[in-house]
Amino acid sequence: MTTISLSPASLKSEYRRLFSRAGAWGFPLLLLCACTQPEAVTISDAWIREAPPGAMRLAAYLVIENKLSSTITLTGVSSESFATAQIHQTTMDDGVARMRMIDELAIEPGQLQSFNPGGMHLMLINPKVNVVAGDTIVLVLHFAKQADLTVDAQIKVGQ
Amino acid sequence: MPFPAKSPLILLTAVIALIGGIVAARFLISTERVSPEPVNATWLRAPRPLPEFELLSHSGQVFNKESLAGNWSILFFGFTNCPDVCPTTLGTLNRVVGEIVARGNRQPRVVFVSVDPMRDSVEKMAAYVPYFNSGFIGLTGDLADLQTLTRELGVAVSYSPLESAVADGEQQNYTVDHSTALFLVDPDGRLNGIFGAPHITEQIVDDYLIITGQS
Ligand SMILES: [Cu+2]
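What comes next concerns the included structure. What you see is a predicted model; the values in this text were computed from it and never measured.

Brief notes about the coordination of the copper ion
A four-donor tetrahedral metal ideally has 109.5 degree angles, and a six-donor octahedral metal ideally has angles of 90 or 180 degrees.
Residues and elements named next belong to chain A.
No. 1: Note on the copper ion: its protein donors are H88 (ND1), M99 (SD), H121 (NE2) and M123 (SD). The metal-donor distances range over 2.1 to 2.7 Å.
No. 2: The coordination sphere of the copper ion comprises four donor atoms, whose angles at the metal cover 101 to 117 degrees; the geometry is tetrahedral.
No. 3: Within one chain, the residues serving as donors to the copper ion are arranged as H-x10-M-x21-H-x1-M. With H88 in strand β4 (residues 82-93) and H121 in strand β8 (residues 120-127), this pair connects stretches of sequence that are 33 residues apart.
No. 4: Taking relative accessible area as the criterion, H88 reaches 0% and is therefore assigned buried.
No. 5: When its relative accessible area of 0% is taken as the criterion, H121 is described as buried.

Take a look at the structure:
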């Protein structure tokens, strides 16, 4: 977008222009980083296992990090692409796998809560769309006394 | 007191006998164990014949004990409404058979048996099972036939409702608690080994090749 002509005289002014532009953007960016980074709840590595044809139950996995100074409580999940969604936990007891719904999940300050295969997952029930690797699906996480958080989950072929 | 005088000799004899015994035992054990032991799997030295059963394969054909002939089979029990453990295990089994073939051996038959025959129709199984590997076979059928198999193999199966009704009219919102073990059946329809969780591809491949006597 910005072209720099090669004449030495204009080069200096172009540099100055670029610099001032960077400075103008840099300051608010810096402010934004300083304000939002330490006090936040972040969601990362969100993915959904690609559905075999006809599958009516899918699982989403992600990581929630509570960078706030207070405990947060995940109360549910929803998605326009599914009829319903629930917070689920798989437990292994004496070689028997059990999947159970959990109503809410407290995440303490500084805690990194992972949803992984064989552990916690977000159960996505009755898809309204084709769930194909490469696409993304929007998930909305609901918290008690806290604004919803939206995340784009990548559809991937399960490992 | 004659006893203390004799004791050093007795002690020496005992020590020599003990060392000799250990050496002999070591020698005997090491020559006896010609075949390596499985790392993780349970190896049934006396293979146990499966009971007679009759289920339907995902292509709609009768699949019974005789259908297990001609190749080694790995049996896994699960259901298609299981979004976490079952696809993970079927993905692992796909890598297992890939590795067995890569090491120059014949691909075993992988059989996914539905523990949820009420919801898992032949059509459902036909859409679901080959997704993981086109060679995998899905089985469903009558609950009674399924139970013949699960009881004999010691597969725990129980049905448990999932709380909070699903809004869109699907009433059968329950989950199935089930054993995640993999069962290794020989070409004569006899149980030879059990792979317990966690399922680690390399360990399953190694143990499979040991139990089936391949390399
Ligand atoms: Cu679930």
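Focus: the environment of W72 of chain B
All names here are of chain B.
No. 1: Here W72 lies in the loop between β3 (62-64) and β4 (73-78).
No. 2: The buried category is assigned to W72, whose relative accessible area is 15%.
No. 3: Separated by 120 residues in the primary sequence, W72 and N192 place their C-alpha atoms 9.7 Å from one another.
No. 4: Apart from residues lying up to four places away in sequence, W72 is in contact with P108, R109, L184, V185, D186, P187, N192, Y208, I211 and T212.

Structural notes on the nonpolar core
Where a protein is soluble and globular, its nonpolar side chains tend to be buried together.
No. 1: I48, L62, I64 and L139 of chain A together with F77 of chain B are the most contacted members of the largest nonpolar core, which has 84 residues in total.
No. 2: With seven residues, the top contributor of residues to this core is helix α2 (residues 85-102) of chain B.
No. 3: Apart from residues lying up to four places away in sequence, I64 of chain A is in contact with V41, T42, I43, I72, L74, I107, Q111, L112, Q113, F115 and L141 of chain A.
No. 4: Listed in part, the five residues of the second largest apolar core include M101, M123 and I125 of chain A together with L162 of chain B.

Regarding the interface of chain A and chain B
No. 1: On the side of chain B, 31 residues touch chain A, which itself brings 36 residues to the contact.
No. 2: When chain A packs against chain B, close to 2,500 Å² is buried across both sides, 53% of that on carbon and sulfur atoms.
No. 3: Its largest share of buried area at the contact with chain B, chain A owes to P52, R57 and M99 of chain A, together 22% of the area lost on that side.
No. 4: Where chain A touches chain B, the interface holds two salt bridges.
No. 5: The interface formed by chain A and chain B contains 10 residue pairs in polar contact (both at pLDDT 80 or more).
No. 6: A breakdown of the residues in the side of chain A that touches chain B according to their chemical character gives 18 nonpolar, 12 polar and six charged.
No. 7: Pairing analysis gives two bridges linking strand β5 (residues 96-101) of chain A to strand β8 (residues 174-179) of chain B, with the strands arranged antiparallel. Across the sheet, residue V96 of chain A finds its bridge partner in β8 of chain B, namely S179 of chain B.

Some words on the packing of aromatic side chains
No. 1: Enumeration according to the criterion identifies seven aromatic pairs over all chains in this entry.
No. 2: Relative to Y61 of chain A, the ring of W47 of chain A lies with its centre 4.9 Å away and its plane at 35 degrees, an arrangement referred to as tilted. Here W47 of chain A, found in strand β1 (residues 41-49), pairs with Y61 of chain A, found in strand β2 (residues 57-66); they are 14 residues apart in sequence, far enough to count as distant. Each member of the pair W47 of chain A and Y61 of chain A is classed as buried.
No. 3: With 5.7 Å between their ring centres and 35 degrees between their planes, F76 of chain B and F112 of chain B make a pair best called tilted. Of the two residues, F76 of chain B is situated in strand β4 and F112 of chain B in strand β5 (residues 109-114); the sequence distance between them amounts to 36 residues. Per residue, the accessibility class of F76 of chain B equals that of F112 of chain B, and both read buried.
No. 4: Here the aromatic residues F76, F112, Y128, Y131 and F132 of chain B are joined through ring pairs into a cluster of three or more.
No. 5: Above the face of the W43 of chain B ring, R45 of chain B is positioned so that its terminal group lies 3.9 Å from the ring centre.

Digging into the sheet that holds β4 of chain B
Residues and elements named next belong to chain B.
No. 1: With mixed pairing, eight strands are arranged side by side in an open sheet as β1-β10-β9-β4-β5-β6-β2-β3. Single-partner strands in this sheet number two, and they are β1 (42-49) and β3. Neighbour to neighbour, the strand axes of the sheet diverge by 35 degrees on average, direction disregarded.
No. 2: Across two bridges, strand β2 (residues 54-57) lies against strand β6 (residues 137-140) in antiparallel orientation. Each bridged residue has a counterpart across the sheet, and for S57 the counterpart in β6 is L139.

Section: the state of the cysteines
Residues and elements named next belong to chain B.
No. 1: Tallying each qualifying case throughout the model produces one disulfide over all chains.
No. 2: Put simply, C82 and C86 are joined by a disulfide, and their sulfur atoms are 2.5 Å apart. The S-S bond linking C82 to C86 shows a torsion near 100 degrees; that makes this disulfide right-handed.
No. 3: Classification of C86 by relative accessible area gives buried; the value is 0%.

Things to note about the side chain of D177 of chain B
No. 1: Examined against the element boundaries, D177 of chain B turns out to sit in strand β8.
No. 2: By relative accessible area, which is 3% here, D177 of chain B ends up buried.
No. 3: Here R100 of chain A takes part through its side chain, which lies 2.8 Å from a polar atom of the side chain of D177 of chain B.
No. 4: With residues near it in sequence (within four places) discarded, D177 of chain B still touches V96, A97, R98, M99 and R100 of chain A together with A156, V157, S158 and S160 of chain B.

Notes on the pattern of salt bridges
No. 1: In this structure the tally under the stated criterion is 10 salt bridges over all chains.
No. 2: Here D177 of chain B makes a salt bridge to R98 of chain A, at a shortest N to O gap of 3.5 Å. A residue pair is termed interchain when its members come from two chains, as with D177 of chain B in strand β8 and R98 of chain A in strand β5.
No. 3: Residue R119 of chain B pairs with D116 of chain B through a salt bridge whose shortest N-O separation is 2.7 Å.
No. 4: Judged by its relative accessible area of 9%, R119 of chain B is buried.
No. 5: Connected through salt bridges with shared partners, the residues D93, R98 and R100 of chain A together with D177 of chain B form a single ionic network.

Thresholds, definitions, all that
- Residues numbered from 1 in each chain as written.
- Chains lettered and ligands numbered in written order.
- Predicted model: local features only at pLDDT ≥ 70, side-chain atom pairs only at ≥ 80, totals over all residues.
- Heavy atoms only, no water.
- Donors = N, O, S within 2.8 Å, 3.2 Å for Na, K, Ca; no water.
- Tetrahedral: all angles 85-135°; square planar, octahedral: opposite > 155°, others 65-115°.
- Helix = DSSP H or I, 4+ residues; strand = E, 2+ residues; numbered from the N terminus.
- Buried < 20%, exposed > 50% of the residue type's maximum accessible area, 1.4 Å probe, protein only.
- Contact = heavy atoms within 4.5 Å.
- Core = buried A, V, L, I, M, F, W, Y, C linked by side-chain atoms within 4.5 Å.
- Buried area = accessible area lost by both parts, 1.4 Å probe.
- Salt bridge = Lys/Arg side-chain N within 4 Å of Asp/Glu carboxyl O.
- Polar contact = N/O pair within 3.5 Å; in protein donor to acceptor, adjacent residues only side chain to side chain.
- Nonpolar A, V, L, I, M, F, W, Y, C, P; charged D, E, K, R; others polar.
- Pairing = 2+ DSSP bridges.
- Phe/Tyr/Trp six-rings, centres within 6.5 Å; stacked < 30°, edge-to-face > 60°.
- Lys NZ or Arg CZ within 6 Å of the ring centre and 35° of its normal.
- Axes fitted to C-alpha atoms, helices over the stretch in contact; angles between N-to-C directions.
- Disulfide = S-S within 2.5 Å.

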